[in-house]
Amino acid sequence: MKSAFVLLMLCITLNVASQSDADVLKTIYKQSLTNGKSYDWLNHLSNQIGSRLSGSLGAEKAVAYTKAELENLGLDRVWLQPVMVPRWIRGTKEYGYIESALGKTNTVNICALGGSIATPALGIKANVVEVKNFEELALLGKDSIQGKIVFYNRPMQADLILTYEAYGGCVNQRYKGAVEAAKYGAAGVIVRSMNLRLDDLPHTGSMTYDDLPVNERIPSAAISTNDAELLSTMLKLNTNTKFYFKQNCKQLKDVQSYNVIGEIKGSEFPNEYILVGGHLDSWDLGDGSHDDGAGVVQSMDVLRLLKASGIKPKRSIRVVLFMNEENGLRGGKKYAQESKQKGENHIFALESDSGGFTPRGFSFDCTDASFNQVLNWQPLFKPYLIHYFEKGGSGADVGPLKTESNVLAGLRPDSQRYFDHHHASNDTFDAINKRELELGAATMTSLVYLFDKYGVNPISNLDNIKK
Ligand SMILES: [Zn+2]
């Protein structure tokens, strides 16, 4: 029985070597859409384990689960890479209201930003200063801001087609808002959620105090877009409107956690590494199905799909499930640091951390020569409606692996609905479409297959592609 199986795999493998690249991609997509594992894995991560904030029990369970599942795939090696991570806990549910006159209040939907301190036990109530950016804040100055709550209310720009560009244009309010407001003696900070639509869900995310002394730190929270609109309107009607909020989140001591790593050893160039990955941690409000459960299971399935499609990689292929992308990037930094110490040569690294929606293509951080090589492969992806091949960023976790000659890339799914869910309580499994998730896994596997076969940027290879 076993020898028959070996013979079958040998036939498939030999078969792949003689197939055109177009046929190999066809096999990969077929495998993913008819026999994929990503959706089942994500179901378990989301519904059996749930949210996975660094240092939480969920994160610990996710490490054990994904390690065991990778071991089931019969890879050449599966291991854990220890990394110390910060541990922040939200505590009891936050509470906030707008007070238009004494005794006249409207309850609003808020959540503490990750890394924020708590309010005093009885909460904070103060007048509100609404601003759109740090320049407005500076113009108002200490006299107008001292003792008040700063309300950052710059919306994401709706006319940007790539929504993460709109996110990039807004997220400094969330990340640096407290540090900036504290300079002028603010009592606290409320930030409009990073969300393009109007709804009632507050979106969390990381914030920093930089090196602000502990006694100068102020609490900061996100408010839902609907409630941000309401607060803004009420401030226009009555500048004396007050805001109250209460939260009891806490930063605890760092704890031990892990990156989860699996590897298929390369048959010809075992010292050249190709990496696929996503981040295993997630925010705590939902179950992190899109951010980044999707990227985790797609990356795991890349290695399985290579095997299932009969592809025997020439180079070593690694899946890395990074810990702590959301509030520290410790996993990504640790991986790059150890890999540098060992002198590992990562010729290509691909990250999936933009949600599990329909894949459109990739963004590449590489030389022009490497990018031209990639463009040469573009026709192979046409049957799968993958058309977006642009130079740009890759991903936060693979970013530290950058060298002068390697290629870093990020999977780019359709982004229109991503920020409806990002870091909010509705980032849950029901928002995942099975086929879209599987198309993403197949798209990643196809690019890994091509980089494995042709390597990075050998100019002479540009004409060698089997059409
Ligand atoms: Zn993410």
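Residues numbered from 1 in each chain as written. Predicted model: local features only at pLDDT ≥ 70, side-chain atom pairs only at ≥ 80, totals over all residues. Heavy atoms only, no water.

## Here we look at the coordination of the zinc ion
Thought 1: Ligation of the zinc ion by protein atoms is provided by His-279 (NE2), Asp-291 (OD), Asp-353 (OD) and Asp-353 (OD), these donors lying 1.9 to 2.7 Å from the ion.
Thought 2: Angles of 51 to 147° at the metal separate the 4 donor atoms of the zinc ion, which places the site in the irregular class.
Thought 3: We note that the donor set of the zinc ion lies within a single chain, spaced as H-x11-D-x61-D. Of the two residues, His-279 sits in strand 11 (residues 269-279) while Asp-353 sits in the loop between strand 13 (345-351) and strand 14 (359-365), which places them 74 residues apart along the sequence. (Donors = N, O, S within 2.8 Å, 3.2 Å for Na, K, Ca; no water. Tetrahedral: all angles 85-135°; square planar, octahedral: opposite > 155°, others 65-115°. Helix = DSSP H or I, 4+ residues; strand = E, 2+ residues; numbered from the N terminus.)

## Focus: the environment of Thr-445
Thought 1: Relative to the helices and strands, Thr-445 is located in helix 13 (residues 434-454).
Thought 2: Thr-445 sits 238 residues away from Met-207 along the chain, and the two C-alpha atoms are 34 Å apart.
Thought 3: Thr-445 has contacts with Ile-28, Asp-301, Val-302, Leu-305 and Leu-306, leaving out every residue within four places of it along the chain. (Contact = heavy atoms within 4.5 Å.)

## Remarks on the sheet that holds strand 16 (residues 407-413)
Thought 1: On the basis of which strands lie adjacent, the open sheet formed by 8 strands has the order 1-10-12-11-13-16-14-15 and mixed pairing. Of all strands in the sheet, those with a lone pairing partner are strand 1 (77-89) and strand 15 (388-391), marking the two edges. Strand after strand, the sheet turns through a mean of 20° between neighbouring axes, direction not considered.
Thought 2: Pairing between strand 14 and strand 15: 4 bridges, direction parallel. Paired with Phe-362 across the strands is Phe-389, a residue of strand 15.
Thought 3: Docked against the sheet, helix 9 (residues 289-308) engages strand 10 (250-264), strand 11, strand 12 (315-322) and strand 16, running at close to 150° with respect to strand 11. (Pairing = 2+ DSSP bridges. Axes fitted to C-alpha atoms, helices over the stretch in contact; angles between N-to-C directions.)

## Re the layout of surface pockets
Thought 1: Counted as a void, the largest pocket has a volume near 1000 Å³.
Thought 2: Lining of the largest pocket is provided by 44 residues; of these, Arg-174, Ser-206, Glu-325, Glu-326 and Asn-327 occupy positions nearest its centre.
Thought 3: Elements with a minimum of two residues in the lining of the largest pocket: strand 1, helix 6 (163-168), helix 7 (171-182), strand 10, strand 16 and helix 12 (418-421).
Thought 4: By residue class, the composition of the lining of the largest pocket is 16 nonpolar, 17 polar and 11 charged. (1 Å grid on protein atoms, 1.4 Å probe; cavity = no way out; pocket = protein on both sides within 12 Å on 5 of 7 lines; lining within 4 Å. Points joined across faces, edges and corners; volume = space filled by probe spheres on them. Nonpolar A, V, L, I, M, F, W, Y, C, P; charged D, E, K, R; others polar.)

## Details of the side chain of Ser-232
Thought 1: With respect to the helices and strands, Ser-232 occurs in helix 8 (residues 225-237).
Thought 2: A residue is classified by how much of its surface remains accessible, and Ser-232, at 6% relative accessible area, is buried.
Thought 3: Excluding its chain neighbours within four sequence positions, the residues that come into contact with Ser-232 are Glu-130, Phe-151 and Asn-153. (Buried < 20%, exposed > 50% of the residue type's maximum accessible area, 1.4 Å probe, protein only.)

## Focus on the sheet that holds strand 4 (residues 110-112)
Thought 1: Strand order across the open sheet formed by 8 strands is 3-2-9-5-6-7-8-4, with mixed pairing between neighbours. Each edge of the open sheet is held by one strand with a lone partner, namely strand 3 (104-108) and strand 4. With direction set aside, neighbouring strand axes in the sheet form an average angle of 30°.
Thought 2: Pairing analysis gives 3 bridges linking strand 4 to strand 8 (residues 220-223), with the strands arranged antiparallel.

## Section: the packing of aromatic side chains
Thought 1: Inspection of the entire model under this criterion finds 20 aromatic pairs.
Thought 2: With a centroid separation of 4.8 Å and an interplanar angle of 25°, the aromatic rings of Tyr-167 and Phe-419 are classed as stacked. Of the two residues, Tyr-167 is situated in helix 6 and Phe-419 in helix 12; the sequence distance between them amounts to 252 residues. Considered together, Tyr-167 and Phe-419 belong to a single accessibility category, that of buried residues.
Thought 3: Ring-pair connections join several aromatic residues into one group, and the members of that group are Phe-362, Phe-364, Phe-371, Phe-381 and Phe-389.
Thought 4: The ring of Trp-79 is capped by Arg-77, whose NZ or CZ atom sits 3.7 Å from the centre of that ring. (Phe/Tyr/Trp six-rings, centres within 6.5 Å; stacked < 30°, edge-to-face > 60°. Lys NZ or Arg CZ within 6 Å of the ring centre and 35° of its normal.)

## Things to note about the environment of Lys-334
Thought 1: Of note, Lys-334 is situated in helix 10 (residues 330-341).
Thought 2: The partly exposed category is assigned to Lys-334, whose relative accessible area is 25%.
Thought 3: In sequence terms Lys-334 and Asp-210 are 124 residues apart; their C-alpha atoms lie 21 Å from each other.

## What to know about the nonpolar core
Thought 1: If you look at the biggest cluster of nonpolar residues, it comprises 64 residues, and the most contacted ones within it are Leu-70, Phe-348, Phe-364, Trp-377, Phe-381, Val-448 and Phe-451.
Thought 2: Per-element tally for this core: the top contributor is helix 13, with 9 residues.
Thought 3: Setting aside residues no more than four positions away along its own chain, Leu-70 makes contact with Leu-75, Val-78, Val-260, Ile-261, Gly-262, Met-300, Val-319 and Leu-321.
Thought 4: Among the nonpolar cores identified, the runner-up in size contains 30 residues, and Val-131, Val-150, Ala-182 and Val-189 belong to it. (Core = buried A, V, L, I, M, F, W, Y, C linked by side-chain atoms within 4.5 Å.)

## With respect to the pairing of strand 8
Thought 1: Residue alternation in strand 8 divides its side chains into two sets, Ser-220 and Ala-222 and Ala-221 and Ile-223, and both sets are buried.
Thought 2: Judged from the 4 bridges that link them, strand 7 (residues 188-192) and strand 8 form a sheet pairing that is parallel. Paired with Arg-192 across the strands is Ile-223, a residue of strand 8.

## Looking at the pattern of salt bridges
Thought 1: For the structure on display, the rule yields 22 salt bridges.
Thought 2: The closest approach of N and O atoms between Lys-176 and Asp-210, which form a salt bridge, is 2.8 Å. Of this pair, Lys-176 sits in helix 7 while Asp-210 sits in the loop between strand 7 and strand 8, and the two are 34 residues apart along the sequence.
Thought 3: Note that Asp-254 is salt-bridged to Arg-330, the shortest N-O span being 3.2 Å. With Asp-254 in strand 10 and Arg-330 in helix 10, this residue pair connects regions lying 76 residues apart in the sequence.
Thought 4: For Asp-254, a relative accessible area of 38% puts it in the partly exposed group.
Thought 5: One network of salt bridges, with partners in common, ties together Arg-90, Glu-94 and Asp-284. (Salt bridge = Lys/Arg side-chain N within 4 Å of Asp/Glu carboxyl O.)

Geometric values such as these leave the question of function open.
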